[in-house]
Amino acid sequence: MKYSANSVWENKDEYDVVVIGAGHAGCEAALAAARLGLKTIIFTVSVDSIALMPCNPNIGGSSKGHLVREIDALGGEMGKVIDQTFIQSKMLNKSKGPAVHSLRAQADKANYTKTMRKVLENQENLEIKQAEITDILSENGKVIGVQTYSGAIYKCKAAILCTGTYLKARCIYGEISNATGPNGLQAANYLTDSLKSLGIEMYRFKTGTPARIDKRSIDFSKMEEQFGDEKVVPFSFTTNPEDVQIEQASCWLTYTNEKTHEIIRKNLDRSPLFSGMIEGTGPRYCPSIEDKVVKFADKNKHQVFIEPEGLDTNEMYIGGMSSSLPEDVQYAMYRSVAGLENAKIVRNAYAIEYDCIDARQLSPTLEFKKIDGLYSGGQFNGSSGYEEAAAQGLIAGINAALKILGKEQIVIDRSEGYIGVLIDDLVTKESHEPYRMMTSRAEYRLLLRQDNADQRLTKIGYKVGLISDERYRYLLDKQDIILCEVERLEHTSVGTSKEVQDLLEKQGSTLLNSGTTLAELIRRPELSYEVLETIDKNRVLLEICREKNPTCAEKLYHEVVEQVNIYIKYEGYIKRQEKQVEQFKKLETKRIPDDIDYDSIKSLRIEAVQKLKQYRPISIGQASRISGVSPADISVLLVFMEQYGK
Amino acid sequence: MKQDTIAAVATAMSNSGIGIVRISGEDSLYIAKQIYKGKPFQDHTIHYGYIQDGDEMIDEVLVMVMKGPHSFTGEDTVEINCHGGVYVVKKVLETVIKYGARPAEPGEFTKRAFLNGKMDLSQAEAVIDVISSKNEYALKSSISQLKGNVQKKIKEIRSEILYHTAFIETALDDPEHISVDGYSEKLKITVEKLLGELKKLLLSSDNGRIIREGIKTVIVGKPNAGKSSLLNVLVGEERAIVTDIEGTTRDVLEESIQLQGISLNVIDTAGIRNTEDIVEKIGVDRAKEQASEADLIIYVVDASRELDENDFEIIEMIRNKKAVILLNKSDLATVVSKNMIQSYIDKPMIEISAKEETGIQKLEETLKEMFFHGEISFNDEVYITNIRHKTAIQDAHSSLQKVMVSIENDMPEDFYSIDLLDAYEALGSITGETIGEDLVNEIFSKFCMGK
């Protein structure tokens, strides 16, 4: 039973920011707001579930690794915590271009949760409170507070919804349906109605997770061992690379087979996905094993990754085999896989359904267009993944704080970061499934690399107030040194001396017919900055780094070398994308006035008027990405705005 | 605001005495200097000289240079006055584009003029209308003018590009499940093939085969009035099946013909009547649709039969269009006279017999007269569209060439996607399709991703 009238009481402590939910979005939001000096309180249904990882035991991965880097560059926490708690780490796509290199680390889940909780508990200006929020209180379209299950009222100036998968959550496998959040945690069953009464439109999404199996019941001799990288690269730009060279745990690879698929096919009618018991829309990129077997019927095996959930537990995560089949089928199916013949399941696989919103109700600052002071982030916004959640939480937290402080809020645009692509896609495009970040969604991918996230975003983090002077100084030095070094290499000639030709020959590179520059040599795929050291007589990079920053000279040096190599090698492509960005920015910076009356613009097509009225884009650029708005409509808008501006 | 440089034909595309190609934008002088041979430019002065593409002489011209802001658009503008005639004007425009200008969007000069403050507020509404109406037309014409097989080819090429891009992208997004190693060999074969196909399209575009050029002339009339016979006479061969059974022509037939130097794109249609026959009905609907988009309508009246409700429907349909009325079957006993029709509608009228081929010369003369009096004209948009399409195919071709270079230089696979998608986008501009969520959808529908 929710509170009755006589249990209502008002907490006299007034807050600036209330954060609802303490998952990956909530943690970043609360930390950002508190660090910007605002009195912040974070609510969670269970303090033990702060920064919980209820699904896969890893952070990062293709494009998600980019997000973590960007969060870190802006002053967020995720990268720092995973650097302290990972048990295996890999740079994915290392043989590909720098734009798609992506870090992925296996986390010790319990340690991750504990470490993040400790950060929250010790954050000045931040309180943690275990309670379910059931109502958002508002006056004249503005948030004034929240109310808990027990009736207590907490007044605030801004509230950030980070409810994850908890709203009206339902966990399902076979014919079993539990009205709980992930891992049997309490669901939040009341808040949806309060949001609906505020006029917020809700969607229902679903996702799923595989079983966890007892390590002692697995025969690893039938699987391939997967190791971490020999040299680990940290996520956070502030982590000393020496600190992350730890002894790593292994993951294991095995495969499903025809027998597995047969078991699944035979029992499809017992799957709640196919029987219609699940209404929510699931993601296409993270299909359950039964989805994969049905949709890709021609594949006779699928990969299965066995990943440790932590160092102090025997539970292993069965990556690639999420499912909502009944328990008996789960046993049969997992046990048909090589190495899992005697598997003991600790936790069953399940699908989970939850309420979330159509994020087109948000402005790119992540504030609701119709409700002043109400922000949201994470899976509640229709995304999926810890990293996507953290990224939004951080932006929502920063913006809620900036708003209260009366400062201009930040919007990262599509040319500045994956965070920008993520949020712009969420608030602009129609989506019927949980949104996952992918490198192919970023049109300026070559510029949005994980290695240069600091150069793209730390300045913004500094301006906001989440980056220390020292860290900012380090960045400025780094950028200066990179520029000078590239300039020097482009203007340093090399002749056809014996020393040069010998070096080229040794590296398997074509010999020179006439003089060239060092930069031209670095452009050759088989050569690099490092390789040319002996013929680069004026190189003093390490000395410069020592002079600028005696304490971190080595780190700085390696970072500069990496950037110099990338910049010179891919200069042609980088410049091309920079040119495209210039075009993009023109439309992006054309702000559409809030009070524009689309009905009065005669020449807009009806469909465009409807879409523009409904989603009220903030810029011409955003308007151009709304489906149903044509280039001709954009021209008309531009001309209209010119007239309007006079 | 920095703008790219645009070009278009500023005069009507007809065989008139002069044609003007206008270039506007920052690089317009630069571009003009590369192709103009004559005395050096001075501002607001007319220069006599030649336009050349490298060694190839294109036309003898007068060039006027107007530095911004003192020009129509407010930007640096060059106007090339060349000899009229569709071919020459087109060639000059193509040369300008080859040297760096982009084909202007419909209404773009006007839009720039407005945005650069060259027009006052009261003109804003008008400008908006020009842009939107021209765009609507361009959009419609751009796709409808595309020949069916060309459209199909472009769609095929696009879908192949998309498939390969999606594969690469899936592997990059899910490297632990899908490996792209060694894929470049496979891709190379595909890209080589696609390059060949694009080259073919480019060659055919030079022959004007990408879109239908010419005055869109639609022959209408009630069933068995002799429309198909007329087409055969005009073409000079048996193109349409002619019988004396009503409703023989059930679909739309199309032929390009040259009449006294004017190119006509003649379209024969199903006879218009109320019919229960489903196939014939579709033909009738198509005939009406074609007629509504026509530059010129030839209305064939069967003079041997009384006017009926079908004729009256057609008369209403052509009332506000350029049309010629032919009283056919003058070889038979006629019951319909010129005066009878004149009481309903006032259009040029000629008596002919398609069967005996009499009156055809009169028709040709009438059409020629109408053309040179400017009563009927080419649709400028068609030429502009054609050049725009050609530019797009060229862009796609050079993007795919870049993919080949990347493969040969052993660049990582993610670089292929950049150029593949550029090619995909360029071709999409022809068929009116954007990238949107295509790639993401293709990834999910064709490839199995992890977790």
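Nothing here was measured: the structure is a model prediction, and the numbers come from that model.

What counts and what doesn't
Residues numbered from 1 in each chain as written. Chains lettered and ligands numbered in written order. Predicted model: local features only at pLDDT ≥ 70, side-chain atom pairs only at ≥ 80, totals over all residues. Helix = DSSP H or I, 4+ residues; strand = E, 2+ residues; numbered from the N terminus. Buried ≥ 20, exposed ≤ 12 C-beta atoms within 10 Å, placed from the backbone. Contact = placed C-beta atoms within 7 Å. Expected span 1.5 Å × (residues − 1). Arc of directions from axis to C-beta. Axes fitted to C-alpha atoms, helices over the stretch in contact; angles between N-to-C directions. Parallel < 35°, antiparallel > 145°, perpendicular 65-115°, else oblique. Left-handed = near helix turned anticlockwise from the far one by under 90°. Nonpolar A, V, L, I, M, F, W, Y, C, P; charged D, E, K, R; others polar. Domains from an automatic or database assignment. Pairing = 2+ DSSP bridges. Core = buried A, V, L, I, M, F, W, Y, C linked by C-beta atoms within 7 Å. Right-handed = clockwise from strand over helix to strand, strands pointing away. pLDDT = per-residue confidence, 0-100.

## Re the overall build of chain B
Reasoning step 1: Helix and strand counts for chain B stand at 14 helices and 13 strands.
Reasoning step 2: Counting every position in chain B, which comprises 451 residues, the buried fraction comes to 43%.
Reasoning step 3: Across chain B, every contact between residues at least 6 apart in sequence was considered, and the portion connecting residues at least 24 apart equals 68%.

## Things to note about the overall build of chain A
Reasoning step 1: When helices and strands are counted, chain A shows 21 helices and 24 strands.
Reasoning step 2: In terms of overall dimensions, chain A has C-alpha extents of about 90 × 75 × 50 Å along its principal axes.
Reasoning step 3: Residue burial in chain A is summarised as follows: out of 646 residues, 52% are buried.
Reasoning step 4: Looking at chain A alone, contacts between residues at least 24 apart form 73% of all its contacts between residues at least 6 apart.

## Section: helix α8 (residues 278-293) of chain B
Residues and elements named next belong to chain B.
Reasoning step 1: Counted at 1.5 Å a residue, the expected span for α8 with its 16 residues is 22 Å, and the 23 Å between its end C-alpha atoms agrees.
Reasoning step 2: Along α8, the positions that sit buried rather than exposed are E280, G283, V284, A287, Q290 and A291. For α8, the buried positions fall inside an angular range of 125° around the axis, keeping them on one side. Exposed side of α8, more than 90 degrees from the buried face: I278, D285 and S292 are the residues found there.

## Focus on the packing of helix α1 (residues 24-35) of chain A against helix α4 (residues 109-121) of chain A
All names here are of chain A.
Reasoning step 1: The interhelical angle for the contact between α1 and α4, taken along N-to-C directions, is 25°, at an axis separation of 10 Å. The angle between the axes of α1 and α4 places the two elements in the roughly parallel class. Crossing hand, α1 versus α4: left-handed. Of the residues in α4, those in contact with C27, A30 and L31 of α1 are M116, V119 and L120.
Reasoning step 2: Residue composition of the contact of α1 with α4, by class: 6 nonpolar, no polar and no charged.

## Description of the domain arrangement of chain A
Reasoning step 1: Segmentation of chain A into domains returns domain 1 (13-210 + 354-464), domain 2 (212-351), domain 3 (469-572) and domain 4 (590-645).
Reasoning step 2: Centre-to-centre, using C-alpha coordinates, domain 2 of chain A lies 44 Å away from domain 3 of chain A.

## A short note on the packing of helix α2 (residues 64-74) of chain A against helix α10 (residues 386-404) of chain A
All names here are of chain A.
Reasoning step 1: Remark: α2 packs on α10, axes separated minimally by 9 Å, with the N-to-C direction vectors making an angle of 25°. In terms of orientation, α2 lies roughly parallel with respect to α10. Note on packing geometry: the crossing formed by α2 with α10 is left-handed. Every residue of α10 that contacts α2 at K64, L67, V68, E70, I71 and L74 is listed here: E387, E388, A390, A391 and L394.
Reasoning step 2: Class assignment of the residues belonging to the contact of α2 with α10 gives a composition of 7 nonpolar, no polar and 4 charged.

## A word on the sheet that holds strand β1 (residues 9-11) of chain A
Residues and elements named next belong to chain A.
Reasoning step 1: Ordered by their spatial adjacency, 4 strands build an open sheet running β1-β10-β9-β8, and the pairing between neighbours is mixed. The outermost strands of the open sheet, each flanked by one partner alone, are β1 and β8 (133-139). Here the average twist between neighbouring strands, direction ignored, is 30°.
Reasoning step 2: Pairing of β8 with strand β9 (residues 142-148) involves 6 bridges; the strand directions are antiparallel. Counterpart to I133 in the pairing with β9 is T148.

## Here's the deal with the environment of R471 of chain A
Residues and elements named next belong to chain A.
Reasoning step 1: Mapped onto the secondary structure, R471 falls in helix α13 (residues 469-490).
Reasoning step 2: Remark: the alpha-carbon pair of R471 and Y567, spanning 96 residues in sequence, is separated by 23 Å.
Reasoning step 3: Among residues more than four places away in sequence, those in contact with R471 are T238 and T458.

## Points about the nonpolar core
One broad rule of soluble globular proteins: the nonpolar side chains tend to lie buried together.
Reasoning step 1: Counting 180 residues, the largest nonpolar core has V17, V18, A159 and I160 of chain A as its most contacted members.
Reasoning step 2: Apart from residues no more than four positions distant in its own chain, I160 of chain A is found in contact with V17, V19, I20, A29, Y375, S376, G377, A396, G397 and A400 of chain A.
Reasoning step 3: V218, A270, V300 and I352 of chain B belong to the second-largest nonpolar core, a separate cluster that totals 34 residues.

## Looking at the sheet that holds strand β16 (residues 224-226) of chain A
Residue and element names in this part refer to chain A.
Reasoning step 1: Strand order in the open sheet formed by 6 strands is β16-β17-β18-β19-β15-β20, with antiparallel pairing between adjacent strands. Unpaired on one side and paired on the other, β16 and β20 (345-347) mark the two borders of the sheet. Along the sheet, successive strands turn relative to each other by an average axial angle of 35°, direction set aside.
Reasoning step 2: In this sheet, strand β19 (residues 315-319) lies alongside strand β18 (residues 303-308) in antiparallel orientation, the contact comprising 4 bridges. Within the sheet, the bridge partner assigned to P308 lies in β19 and is M316.

## Examining the pairing of strand β2 (residues 17-20) of chain A
All names here are of chain A.
Reasoning step 1: Residue alternation in β2 divides its side chains into two sets, V17 and V19 and V18 and I20, and both sets are buried.
Reasoning step 2: Pairing of β2 with strand β3 (residues 40-44), which is carried by 4 bridges, proceeds in the parallel orientation. Residue pairing across strands places V19 opposite I42, the latter belonging to β3.
Reasoning step 3: This β-α-β element, β2 to α1 to β3, shows right-handed connectivity.
Reasoning step 4: Where β2 and strand β11 (residues 158-161) come together, 4 bridges link them in parallel fashion. Bridging across to β11, V18 finds its partner in A159.

## What to know about unusual backbone geometry
What is expected of a backbone is that most residues other than glycine have negative phi and most peptide bonds are trans.
All names here are of chain B.
Reasoning step 1: Omega for the peptide link from G68 to P69 comes to 0°, which places this bond in the cis form.
Reasoning step 2: In this structure, P69 sits in the loop between β5 (56-66) and β6 (77-83).
Reasoning step 3: Despite not being glycine, K329 has its phi angle at roughly 70°, a positive value.
Reasoning step 4: With respect to the element layout, K329 can be found in the loop between β12 (323-328) and α10 (338-342).

## Let's talk about the confidence of the model for chain B
Residues and elements named next belong to chain B.
Reasoning step 1: Residue-level pLDDT values for chain B average 80, and 81% of them are 70 or greater.
Reasoning step 2: Mean pLDDT values over the elements of chain B span from 59, in helix α4 (residues 124-144), up to 91, in helix α1 (residues 28-35).
Reasoning step 3: For this predicted complex, the interface confidence reaches an ipTM of 0.87, while the overall pTM sits at 0.82.

## A closer look at the environment of R449 of chain A
Residues and elements named next belong to chain A.
Reasoning step 1: Among the structural elements, R449 can be located in the loop between α11 (418-428) and α12 (453-464).
Reasoning step 2: Residue R449 is classed as buried on the basis of its 22 C-beta neighbours within 10 Å.
Reasoning step 3: Along the sequence, R449 and D633 sit 184 residues apart, while their C-alpha atoms lie 33 Å from each other.
Reasoning step 4: Among all residues touching R449, those that are not within four sequence positions of it are P98 and A99.

## So, the environment of E70 of chain A
Residue and element names in this part refer to chain A.
Reasoning step 1: With respect to the helices and strands, E70 occurs in helix α2.
Reasoning step 2: Judged by C-beta crowding, with 30 C-beta atoms within 10 Å, E70 ranks as buried.
Reasoning step 3: In this structure the C-alpha to C-alpha distance between E70 and R170, which are 100 residues apart in sequence, comes to 33 Å.
Reasoning step 4: E70 has contacts with A391, G417, Y418, I419, A453 and L457, leaving out every residue within four places of it along the chain.

## Examining the pairing of β12 of chain B
Residues and elements named next belong to chain B.
Reasoning step 1: Most of β12 is tucked away: 6 of the 6 residues are buried.
Reasoning step 2: Burial of β12 is two-sided: the residues A323, I325 and L327 facing one way and the residues V324, L326 and N328 facing the other way are all buried.
Reasoning step 3: By the bridge criterion, 6 bridges tie strand β11 (residues 296-302) to β12 in an arrangement that is parallel. Looking at β12, one finds that V300 is bridged to L326.
Reasoning step 4: Crossover handedness for the path β11 to helix α9 (residues 309-318) to β12: right-handed.
Reasoning step 5: Two elements, β12 and strand β13 (residues 349-351), share 3 bridges in a ladder whose sense is parallel.

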